[in-house]
Amino acid sequence: MEKDVKSILSENGFGFKKRLGQNFITDKNLLSSIVQQSGVTADDTVVEIGCGAGTLTRAIAQHARRVIGFEVDTTLKPVLAQTLAGLDNAQIIFKDFLKVNLAQLEGEIGSYSVVANLPYYVTTPLITKLLEEGKLCKSLTVMVQEEVALRLCASENTPDYGAITAIIALRADAEIIKRVPRRMFTPQPNVDSAVVKLTVRDGRLPVKNAQLYKKTVHAAFAARRKTLVNNLVNSFGISRAQAEEALIKCGIDIKARGETLSPEAFARLSATLADCTALGRGD
Ligand code: SAM
């Protein structure tokens, strides 16, 4: 398979584009273990973002009922026509996934899981789009840079914990399911990777107002060196006294920094701030 795909790419005069995050996987064992660990079954529809030469697409198609792949690089059309020949449950849409109308796609395909070796330059926007706009997405099994994987799965009070961790916690459980060394990719990137599985559980973290939860999280991490109080004052336009009162009501130390708060603590704080900001500027 490896030799075949590489020769198909070169026969078609394909040149790897770094700016599109094109680092392909051809190792069959790795591909099939990613699909197996995703938990996808023969009943499932899978969305893949960034099909590349179609190696993962093919592995998914062998396990799933149907795979809908998105690829932004149209120079891969002739390559994919060859590598996916004979698979009648794989469909490729040549489009930037960030521009896809997810509600419309979901109307057409129903519930689905995502399995993808993500283009690294847009990892966070892609995951955010799926978790914020996707109503029928059951899980995301995605290859990302190892340092991003650590961030997605971090616990509070650790250096890797950040806004994206707390935002993910709203809707999904996150776990690293596989580490993947850089030598497994063609061309080889400068960093190692990991496969993360995000399992969507709606209502995982009950919040009064999801937008306010996210605003609170982003405020808390706006300036990591500042205390939470300072960040809240700057982002919400409330007084120091109001910020301190909100923290005290939630049982949070007024000298705390954002990274010490669990997602549950952010949920409590955002509910308290809802009252506070109604008194203040009404954001
Ligand atoms: N799935 C293939 C594999 O595992 O070998 C390729 C993975 S490669 C890391 C990422 C792929 O995503 C590239 O083929 C790239 O052209 C494509 N891509 C980059 N940005 C994209 C976007 N916004 N929407 C869809 N595909 C994109």
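Okay, so let's go over this structure. Here, residues in each chain are numbered from 1, in the same order as that chain's written sequence. Only residues with pLDDT of 70 or above have their local features reported here, since the model is predicted, and side-chain atom pairs are shown and tallied only from 80 upward, although totals for entire chains, interfaces and linings are computed over all residues. Values shown for side chains rest on all heavy atoms present in the structure; no hydrogens or waters enter the calculation.

### Examining the packing of aromatic side chains
Any pair of Phe, Tyr and Trp rings, taking the six-membered ring for Trp, is counted once the centres come within 6.5 Å. Such a pair is stacked with planes under 30 degrees apart, edge-to-face with planes over 60 apart, and tilted for the rest. What the rule picks out here adds up to six aromatic pairs. Measuring from centroid to centroid gives 5.0 Å for Phe16 and Phe24, while their planes differ by 65 degrees, and the two rings are edge-to-face. Its relative accessible area of 35% is what places Phe16 among the partly exposed residues. For Phe24, a relative accessible area of 9% corresponds to the buried category. Ring geometry for Phe70 against Phe97: centres 5.0 Å apart, planes inclined by 70 degrees, an arrangement best described as edge-to-face. Here the residue Phe70 occupies a position in strand E3 (residues 66-70), and Phe97 occupies one in the loop between strand E4 (90-93) and helix H5 (102-109), the gap between them amounting to 27 residues. Just as Phe70 is buried, Phe97 falls in that class too. One aromatic cluster is present, formed by Phe14, Phe16 and Phe24 through successive ring pairs. Each ring is checked for a lysine NZ or an arginine CZ that lies within 6 Å of its centre and within 35 degrees of its normal; such an atom marks a charge sitting over the ring. Above the face of the Phe94 ring, Lys77 is positioned so that its terminal group lies 5.3 Å from the ring centre. Sitting over the ring of Phe236, Lys215 keeps its end group 4.7 Å from the ring centre. Only protein chains enter the calculation, and the probe is 1.4 Å; a residue is then buried if its accessible area is under 20% of its type maximum, exposed if over 50%, and partly exposed in between. Going along the chain from the N terminus, every DSSP run of H or I of four or more residues is numbered as a helix, and every run of E of two or more is numbered as a strand.

### Description of helix H11 (residues 240-249)
Residues of H11 that are buried: Gln242, Ala243, Ala246 and Leu247. What you see down the axis of H11 is that its buried residues fit within an arc of 135 degrees, all on one side. When the buried face of H11 is taken as reference, the exposed residues oriented beyond 90 degrees from it are Ala241, Ile248 and Lys249. Where H11 ends, the next residue or the one after it, Gly251, has phi of about 70 degrees, a positive value. In this description, the arc belongs to the directions extending from the helix axis to the C-beta atoms.

### Here's the deal with the site of the ligand
Every one of the 23 residues lining the ligand counts as a neighbour, but Ile25, Gly50, Glu71, Asp96 and Tyr121 are closest to it. A distance of 3.4 Å separates an oxygen atom of the ligand from a polar backbone atom of Gly52. Two N or O atoms form a polar contact when they lie within 3.5 Å of each other; inside protein one atom must be a possible hydrogen donor and the other a possible acceptor, and for residues adjacent in sequence the pair counts only when both atoms belong to side chains. Here an oxygen atom of the ligand sits 2.9 Å away from a polar atom, N or O, in the side chain of Asn117. In isolation the ligand exposes 600 Å². Once the protein is present, 99% of that is buried. When residues are sorted by character, Ala, Val, Leu, Ile, Met, Phe, Trp, Tyr, Cys and Pro go into the nonpolar class, Asp, Glu, Lys and Arg into the charged class, and all the rest, Gly among them, into the polar class. Classifying every residue of the shell around the ligand gives eleven nonpolar, seven polar and five charged. Residues are counted as near a molecule or strand when any one of their heavy atoms sits within 4 Å of it. Surface accessibility in these figures is a Shrake-Rupley result with a 1.4 Å probe; residues are shielded only by whichever protein chains are displayed.

### A short note on the pattern of salt bridges
Once the charged atoms of two side chains with opposite charge are near each other, the side chains can pair. Salt bridge, as used here: a side-chain nitrogen of Lys or Arg that lies within 4 Å of a carboxyl oxygen of Asp or Glu. Applying the stated criterion across every chain, the model contains twelve salt bridges. In this structure, Asp73 engages Lys17 in a salt bridge whose closest nitrogen and oxygen atoms are separated by 2.8 Å. Of the two residues, Asp73 is situated in the loop between E3 and helix H4 (77-83) and Lys17 in the loop between helix H1 (2-11) and strand E1 (24-25); the sequence distance between them amounts to 56 residues. With a relative accessible area of 5%, Asp73 lands in the buried category. With its nearest N and O atoms 3.0 Å apart, the salt bridge here joins Glu132 to Lys214. Of this pair, Glu132 sits in helix H6 (residues 123-133) while Lys214 sits in helix H9 (residues 210-220), and the two are 82 residues apart along the sequence. Given a relative accessible area of 12%, Lys214 falls into the buried group. Several salt bridges share partner residues, and in doing so they unite Asp173, Arg201 and Arg204 into one network.

### Here we look at the sheet that holds strand E6 (residues 137-145)
Read from one edge of the open sheet, seven strands run E4-E3-E2-E5-E6-E9-E7, paired in mixed fashion. Sheet topology places E4 and strand E7 (172-180) at the edges, where each strand pairs with a single neighbour. The mean angle between the axes of side-by-side strands here comes to 20 degrees, regardless of whether they run parallel or antiparallel. Note on contacts: a residue pair qualifies if any of its non-hydrogen atoms lie within 4.5 Å across the two residues. Every angle, taken between N-to-C directions, lies between 0 and 180 degrees, and every axis is a line fitted to C-alpha atoms, over only the stretch in contact when it is a helix. In the packing of helix H2 (residues 28-38) onto the sheet, the strands contacted are strand E5 (112-117), E6, E7 and strand E9 (193-200), and the crossing angle to E7 comes to about 160 degrees. By the convention used here, strands pair only if DSSP detects at least 2 bridges between them.

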